[in-house]
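Here are the chains, one letter per residue:
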Amino acid sequence: MKVCILGAGAYSLALTHIFYENKSDVTIWTFSKNEEKELKTKKESTKLPGYKIPEKVKITISLKRAIKNSNLIVLAVPAGAVSSVCKSISKIITKEQHILIASKGIEQGTCNLLNDVVESELNTNKIAVISGPTFAKDIVNNSQIGFSLATNNNRTKNLVKLLMESERAKLRETTDIIGVEICGSIKNVMAIASGILSGMKVSDSTKALFLTESLNDIKELIDKLEGNKNTIFSFAGFGDILMTCTSENSRNFTYGKLIGEGKTKESIEYSENTTVEGLYTLKSIKELIKREHVKMPIIDLISDIICGDKDKEELLKFLINKR
């Protein structure tokens, strides 16, 4: 089987490891000529230190070369790039090829879930979404891991399971694409808030208070958007939220922690060169809950704290006064 992975970030490389270990022919696509050269020459990336890309894995800047004859196309680019990448491949892919969305987020402007973006741009229903508590470094270190796999297409489901399941990787199936996407997106926003609390050096009890309230809010949002509330208890839900909101391996948590320690948004963005997906998703979630008339004041508060319009101490008051 041939798999092409669009994107060359840490998570893309980790997925490469899974597919390669399962005996797939893997090609990584990057938009950057310099990155292509570096990956081909060194067979490693500063985005995932310590991981050596197998010699047989191909690296290319050509979308056409990457996608040609691939059974599965994996989207692992930042959420903001999903639409443009899909536009670029829309005239290249065939009806037989399947799409796996590993990107997390909600499209700004339209507030569309990435599944809807991909379906619209590529005019296909052979789409699946994957999400779960899986840090890239744990994947390449062969830890036992679990994913939620959401799709309404049985052929796509069976293909992804064939290419990904192993003694170390478990996939739990669901048809609740909405719930899985909401969990995978908003957990990055909640991780920023959790990081803020950590930077303020609050107690473990207060952190647990925040996590519990977050789970309830996300569950209600899923319900409002006509997803399955029980998805909150899945790998994509509780599993990923717990991991992302409590670990300094999470870029979103680490970003929030710096805010909690008193650093400004501008100073952090100047010094950091990694993608903090929660910042992109925060704007989309704000617009989405406004459009859907969902009451979720924690989102506005997180935004105000990051922008410096409200003091981080307001987060503690909110947790107690929240109904």
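Residues numbered from 1 in each chain as written. Predicted model: local features only at pLDDT ≥ 70, side-chain atom pairs only at ≥ 80, totals over all residues. Heavy atoms only, no water.

> Help me understand the nonpolar core, please; the structure alone is not making it clear to me.
Buried together is how nonpolar side chains tend to be arranged in soluble globular proteins. Counting residues in hydrophobic clusters, the biggest one holds 73 residues, and the most contacted among them are I182, I186, M190 and I299. A per-element tally of this core places helix α8 (residues 177-199) first, with 12 residues. Excluding anything up to four places from it in sequence, I186 contacts I218, L221, I285, M296 and I299. Counting 35 residues, the second-largest nonpolar core is a separate cluster that includes V74, A76, V160 and L171. (Core = buried A, V, L, I, M, F, W, Y, C linked by side-chain atoms within 4.5 Å. Buried < 20%, exposed > 50% of the residue type's maximum accessible area, 1.4 Å probe, protein only. Helix = DSSP H or I, 4+ residues; strand = E, 2+ residues; numbered from the N terminus. Contact = heavy atoms within 4.5 Å.)

> Looking at this model, I keep getting lost on the sheet that holds strand β7 (residues 145-150). Mind explaining?
Hydrogen bonds along the backbone pair up the strands of a sheet, which may run parallel or antiparallel. Strand order in the open sheet made by the eight strands is β3-β2-β1-β4-β5-β6-β7-β8, with mixed pairing throughout. Sheet topology places β3 (58-60) and β8 (169-174) at the edges, where each strand pairs with a single neighbour. Neighbour-to-neighbour, the strand axes of the sheet open up by a mean angle of 25°, direction not taken into account. Bridge count between strand β1 (residues 2-6) and strand β2 (residues 25-29): five bridges; the pairing is parallel. Bridging across to β2, V3 finds its partner in V26. Packed onto the sheet, α8 meets β6 (127-131), β7 and β8 and runs at close to 40° relative to β6. (Pairing = 2+ DSSP bridges. Axes fitted to C-alpha atoms, helices over the stretch in contact; angles between N-to-C directions.)

> It is not clear to me how helix α15 (residues 314-321) should be interpreted in this structure. Could you clarify?
Residues separated by three or four positions in an α-helix point in the same direction, a consequence of the helix having 3.6 residues per turn. Turning to α15, its buried residues number three or more, namely L315, F318 and L319. For α15, the angular spread of the buried residues around the axis is 100°, confining them to a single face. Opposite the buried face of α15, at more than 90 degrees from it, the exposed residues are I320 and N321. Buried-residue contacts for α15 involve α8, α9 (204-224) and α14 (297-306). (Arc of directions from axis to C-beta.)

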